[in-house]
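Structural features, examined
So you can see what is in the structure, the chains are spelled out below.
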Amino acid sequence: GNSVTQMEGPVTLSEEAFLTINCTYTATGYPSLFWYVQYPGEGLQLLLKATKADDKGSNKGFEATYRKETTSFHLEKGSVQVSDSAVYFCALTGNQFYFGTGTSLTVIP
Amino acid sequence: GAGVSQSPSNKVTEKGKDVELRCDPISGHTALYWYRQRLGQGLEFLIYFQGNSAPDKSGLPSDRFSAERTGESVSTLTIQRTQQEDSAVYLCASSLALAVQETQYFGPGTRLLVL
């Protein structure tokens, strides 16, 4: 069946550090992949998505590439800011809907 | 409305009581989803509705859980004879259509505590 495995947190980084949050998946068919973000005190919202293999989603300086050969959709940002502190969820939609456990990121000045 | 709304925002109940959670999706969104998020865990899919089609109930954890949706509007999730393990945040989301590439828009959640 389908599933999503996400890097455990919490992650603490200094401002301007490079961020990677790993996400791997198992899926049949042609799922779409998403990163959702939950800022403190707010609801989940879409950060970026990719709907087919080799697509790259990007938003707010974050990027993730849908890699079928490694079944991965790792989230990256070259220089994090304090305002990026949030919980990040990797998600897969296919015949059903699968979310990772979330990775808490804290960026310190 | 501008976004998905849920009520109540918090609910404390005693074990064995029934609870009803409400979700108002974004106007015009035909698909609606319910998830459960237990402390320290990811989102667990419960059920989705798409237009007037029969809902996919495959994620409901037991027959104590049920959900209804009237047309393309409000949905209610009912938990009967609540148990302590039902304590969680219940999230509702809606999307323009039911398609793998559609973005889901989430409400703020209802935090349920069963004593």
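These lines cover the structure that appears in this document, whether it is placed above or below. (Residues numbered from 1 in each chain as written. Chains lettered and ligands numbered in written order. Predicted model: local features only at pLDDT ≥ 70, side-chain atom pairs only at ≥ 80, totals over all residues. Heavy atoms only, no water.)

Our focus in this paragraph is the sheet that holds strand E8 (residues 62–65) of chain A. Residues and elements named next belong to chain A. Across the sheet, which stays open at both edges, the 4 strands sit in the order E3-E9-E8-E7 with antiparallel pairing between neighbours. Of all the strands in the sheet, the pair left with one neighbour each is strand E3 (19–21) and strand E7 (56–59). When strand polarity is set aside, the average angle formed by the axes of neighbouring strands in this sheet is 15 degrees. Bridge analysis of E3 against strand E9 (residues 75–77) gives 3 bridges, and the strand direction is antiparallel. Bridging across to E9, Ile21 finds its partner in Leu75. (Pairing = 2+ DSSP bridges. Helix = DSSP H or I, 4+ residues; strand = E, 2+ residues; numbered from the N terminus. Axes fitted to C-alpha atoms, helices over the stretch in contact; angles between N-to-C directions.)

So, about the state of the cysteines. Residue and element names in this part refer to chain B. Overall, the coordinates contain 2 disulfides over all chains when judged by the stated rule. Two residues share a disulfide in this structure: Cys23 and Cys92, whose sulfurs sit 1.8 Å from each other. Every disulfide takes its handedness from the sign of the S-S torsion; for Cys23 and Cys92 that torsion is -65 degrees, giving left-handed. Of this pair, Cys23 sits in strand E3 (residues 19–24) while Cys92 is found in strand E8 (residues 88–95), placing the two residues 69 residues apart along the sequence. Cys92 carries the same exposure label as Cys23, and that label is buried. (Disulfide = S-S within 2.5 Å. Buried < 20%, exposed > 50% of the residue type's maximum accessible area, 1.4 Å probe, protein only.)

Further remarks concern a nonpolar patch on the surface. Together, Val12, Leu113 and Leu115 of chain B give the surface a local cluster of nonpolar side chains, amounting to about 290 Å² of exposed area. Relative to the assigned elements, Leu115 of chain B resides in the segment after strand E10 (110–114). (Patch = residues over 30% accessible without salt bridge, like charges linked within 9 Å, V, L, I, M, F, W, Y side chains within 5 Å. Areas by Shrake-Rupley, 256 points an atom, 1.4 Å probe, with all protein chains shown as cover. Salt bridge = Lys/Arg side-chain N within 4 Å of Asp/Glu carboxyl O.)

With that settled, the discussion passes to the sheet that holds strand E1 (residues 5–7) of chain B. Residue and element names in this part refer to chain B. Pairing is antiparallel in the open sheet, where 4 strands are placed in the order E1-E3-E7-E6. Lying at the two open borders of the sheet, with one neighbouring strand each, are E1 and strand E6 (65–69). Strand-to-strand twist across the sheet, computed as the mean angle between neighbouring axes with direction ignored, equals 15 degrees.

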